[in-house]
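A structural walkthrough
This is what each chain is made of:
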Amino acid sequence: MRFALFLCLCLALMPTEAQAEEAGWIDLFNGRDLQGWTRRGGEAEYRVEKGAIVGSTVLDTSNTFLCTDRDYGDFTLELEFKVDPDLNSGVQIRSHVYDREKTAMIGGKTRVKPAGTVYGYQVEIDPSDRAWTGGIYDESRRGWLVDLSRDEAARKAFKAGAWNHFRIEARGSSIKTWVNGVLAADLYDGMTASGFIGLQVHSVGTDEERKGIETRWRNIRIKPYE
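Residues numbered from 1 in each chain as written. Predicted model: local features only at pLDDT ≥ 70, side-chain atom pairs only at ≥ 80, totals over all residues. Heavy atoms only, no water.

**Some remarks on the overall build of the protein chain**
Within the protein chain one finds 3 helices and 17 strands. Here the C-alpha coordinates of the protein chain stretch approximately 80 × 40 × 35 Å along the principal axes. Scored against the burial criterion, the 226 residues of the protein chain give a buried share of 45%. The long-range share in the protein chain, meaning contacts at least 24 apart out of those at least 6 apart in sequence, stands at 67%. On the protein chain, roughly 11900 Å² of surface is accessible, and the fraction owed to carbon and sulfur atoms is 49%. The centroid of the 30 positive side-chain charges in the protein chain is displaced by 3 Å from the centroid of its 34 negative side-chain charges. (Helix = DSSP H or I, 4+ residues; strand = E, 2+ residues; numbered from the N terminus. Buried < 20%, exposed > 50% of the residue type's maximum accessible area, 1.4 Å probe, protein only. Contact = heavy atoms within 4.5 Å. Areas by Shrake-Rupley, 256 points an atom, 1.4 Å probe, with all protein chains shown as cover. Lys, Arg positive; Asp, Glu negative; His and termini not counted. Charge placed at Lys NZ, Arg CZ, Asp CG, Glu CD.)

Given below as C-alpha cells:
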C-alpha cells in the first residue's frame, strides 16, 4: 500500500509532456517597448501597439530590420505575424551585418551590398499570389534556398489578412519552418551557425501608395539549445 502511494506521488510530481514542452522558453518581446532590439539596414519605422511590434514602410530606403541585440545558434523560435497584402516581409535568423561593401551573386546576378546591409537566412512572409510564406531566402547573400513552388499544402497554409503562426527550428545544419502547423521548409545548410533574429520591413522604393503600410509581430519567444 505504501509503495502504491509512493508511486502515485512520484507520477504526480513528474512533468507532463506539455509541461516539458513549455520549459526553457524566453520571451524576446515584452509587449511594451523595443528593449533588446536594434534597427539595422534602412529607415523603416517600428513601434509597439496593442502588444505587437508594428513595422511601417518609409519611402526611398532599403530593406530594414529590427534585430535582437543577442545572437542565437540552435533554437526553436515561435511568433505570430500579420502582414499587409501589398507588403513582402520576413523573419531573419542566424543573421549578421556586412562591415564593409560586399559583392554577392544573387539569383545569377551580381549585386553590390553596402556596409551595414543585413544578410543571412530569412523565413519568408509572402502575401502575394506566389504564396511562398515559410520558404527560406538567403538575404543579400545567395538568394532562394527553399521556395514553395512545388509545395501546395505549404502555400495554402498562410491566411491572408489574419494572424499567422511561425515555428522555426534551427539545429546544427538543419533549419525547418512551419506555417500554422504545416511544414514549409526542411533545409540542410551549414553556412552560418549563429546570429541575430530580425523582423523585416521590405523596401517600397518611391511608390507613394505603399508609404506607411505595415507588418505586425507578436508573442515572440525562443527556446535556445546548448
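**Notes on a negative patch on the surface**
Side chains of Asp 86, Asp 207, Glu 208 and Glu 209 sit close together on the surface and give a patch of like negative charge. Mapped onto the elements, Glu 208 comes out in the loop between β16 (196–201) and β17 (214–225). Among the residues examined, Glu 208 registers a relative accessible area of 56% and is labelled exposed. (Patch = residues over 30% accessible without salt bridge, like charges linked within 9 Å, V, L, I, M, F, W, Y side chains within 5 Å. Salt bridge = Lys/Arg side-chain N within 4 Å of Asp/Glu carboxyl O.)

**Notes on the nonpolar core**
Side chains that are nonpolar tend, in soluble globular proteins, to be buried together. Within the largest apolar cluster, 43 residues are counted, with the highest numbers of intra-cluster contacts made by Ile 53, Leu 77, Val 91, Phe 166, Ile 197, Trp 217 and Ile 220. No other element matches the 5 residues that strand β6 (residues 74–83) contributes to this core. Phe 166 has contacts with Leu 77, Glu 78, Leu 79, Phe 81, Val 91, Val 123, Glu 124, Ile 125, Thr 133, Gly 134, Trp 178 and Val 179, leaving out every residue within four places of it along the chain. (Core = buried A, V, L, I, M, F, W, Y, C linked by side-chain atoms within 4.5 Å.)

**A look at the pairing of β6**
The element β6 is extensively covered by neighbouring structure, given that 8 of its 10 residues are classed as buried. Strand direction decides the pairing type here: β6 and β17, joined by 9 bridges, are antiparallel. Paired with Phe 81 across the two strands is Trp 217, which belongs to β17. Here β6 runs beside strand β13 (residues 164–171); their pairing, made up of 7 bridges, is antiparallel. Residue pairing across strands places Thr 76 opposite Glu 169, the latter belonging to β13. (Pairing = 2+ DSSP bridges.)

**Overview of the side chain of Thr 61**
Along the chain, Thr 61 falls in the loop between β4 (52–56) and β5 (64–68). For Thr 61, a relative accessible area of 16% corresponds to the buried category. Among the polar contacts listed, one links the side chain of Thr 61 to the backbone nitrogen of Glu 43, at a separation of 2.9 Å. Discounting chain neighbours no more than four positions away, the residues touching Thr 61 are Gly 42, Glu 43, Ala 44 and Ser 203. (Polar contact = N/O pair within 3.5 Å; in protein donor to acceptor, adjacent residues only side chain to side chain.)

**Comments concerning the packing of aromatic side chains**
Under the counting rule described, the total for this entry stands at 6 aromatic pairs. Pairing Tyr 137 with Trp 144 gives two aromatic rings, centres 5.2 Å apart and planes at 75 degrees, and the pair type is edge-to-face. Of the aromatic side chains, those joined through ring pairs into one cluster are Phe 81, Phe 158 and Phe 166. Sitting above the plane of the Trp 25 ring, Arg 221 keeps its charged end 3.8 Å from the centroid. (Phe/Tyr/Trp six-rings, centres within 6.5 Å; stacked < 30°, edge-to-face > 60°. Lys NZ or Arg CZ within 6 Å of the ring centre and 35° of its normal.)

**Regarding the pattern of salt bridges**
Throughout the structure, instances matching the rule amount to 16 salt bridges. Residue Arg 39 is joined to Glu 43 by a salt bridge in which the shortest nitrogen-to-oxygen separation is 3.1 Å. When its relative accessible area of 40% is taken as the criterion, Arg 39 is described as partly exposed. By relative accessible area, which is 46% here, Glu 43 ends up partly exposed. The closest approach of N and O atoms between Arg 167 and Glu 169, which form a salt bridge, is 3.1 Å. The class for Glu 169 is buried, based on a relative accessible area of 18%. Members of the salt-bridge network, linked through shared partners, are Arg 47, Glu 49, Glu 214 and Arg 216.

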